[in-house]
Amino acid sequence: MLLKSKEKSTYKEDNVGEKPIRSVAKALSWRVVGTLDTLLVSYILTGRISLAASIASVDFVTKLILYFFHERLWNVIKWGK
């Protein structure tokens, strides 16, 4: 039976974190889910799709920006790595 030897990564490699483009992709995918939720809740509460879409649009942009910087900040923090 042949077993593949698993190379150990070094702490330095593990400590690098992720690239900004990955943070952007994660932020976008999460915001799509979050925005659909906001759209639905806003529509249920207001009964107006135009108002719900306005709320969801503003929510999408502001939280996308906040999430990106939140992710980048956590990449700098050494705790738990």
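Rules of the game
Residues numbered from 1 in each chain as written. Predicted model: local features only at pLDDT ≥ 70, side-chain atom pairs only at ≥ 80, totals over all residues. Heavy atoms only, no water. Helix = DSSP H or I, 4+ residues; strand = E, 2+ residues; numbered from the N terminus. Buried < 20%, exposed > 50% of the residue type's maximum accessible area, 1.4 Å probe, protein only. Contact = heavy atoms within 4.5 Å. Areas by Shrake-Rupley, 256 points an atom, 1.4 Å probe, with all protein chains shown as cover. Polar contact = N/O pair within 3.5 Å; in protein donor to acceptor, adjacent residues only side chain to side chain. Salt bridge = Lys/Arg side-chain N within 4 Å of Asp/Glu carboxyl O. Phe/Tyr/Trp six-rings, centres within 6.5 Å; stacked < 30°, edge-to-face > 60°. Expected span 1.5 Å × (residues − 1).

## Examining the overall build of the chain
Within the chain one finds 3 helices and 0 strands. Listing every helix and strand of the chain by position from the N terminus yields α-α-α. Put simply, the chain has 81 residues, and 17% of those count as buried. Pairs at least 24 residues apart make up 67% of the contacts formed inside the chain by residues separated by at least 6 positions. About 6900 Å² of surface is accessible on the chain, with carbon and sulfur atoms providing 69% of the total.

## Observations concerning the side chain of E71
Within the element layout of this structure, E71 appears in helix α3 (residues 49-76). Within the structure, the side chain of E71 is placed 3.1 Å from the side chain of K26, a separation counted as a polar contact. Non-local contacts of E71, meaning those with residues more than four positions away in its chain, are made with E18, S23 and K26.

## Points about the pattern of salt bridges
Throughout the structure, instances matching the rule amount to 3 salt bridges. Measuring nitrogen to oxygen at the nearest pair gives 3.1 Å for the salt bridge that ties E71 to K26. On the criterion of sequence distance, the pair formed by E71 in helix α3 and K26 in helix α2 (residues 20-46) is long-range, its members being 45 residues apart. A salt bridge links R31 to D59; its shortest N-O distance comes to 2.7 Å. One end of the pair, R31, is in helix α2; the other, D59, is in helix α3, and 28 residues separate them in sequence. You can call R31 buried: its relative accessible area is 6%. A single salt-bridge network, built from bridges that share partners, covers R31, D59 and K63.

## Re the packing of aromatic side chains
Taken as a whole and assessed by the stated rule, the structure comprises 2 aromatic pairs. When the ring of F68 is compared with that of F69, the centres are 5.3 Å apart and the planes differ by 80°; the resulting orientation is edge-to-face. We classify F69 as exposed; its relative accessible area is 53%.

## Some words on α3
Each turn of an α-helix holds 3.6 residues, which means side chains three or four residues apart point in the same direction. Relative to the 40 Å expected for 28 residues at 1.5 Å per residue, α3 spans 40 Å between its end C-alpha atoms, a close match to the ideal helical length. Taken as a whole, α3 has its buried residues at A52, A56, D59, E71 and N75. Of the surrounding elements, those touching the buried residues of α3 are α2.

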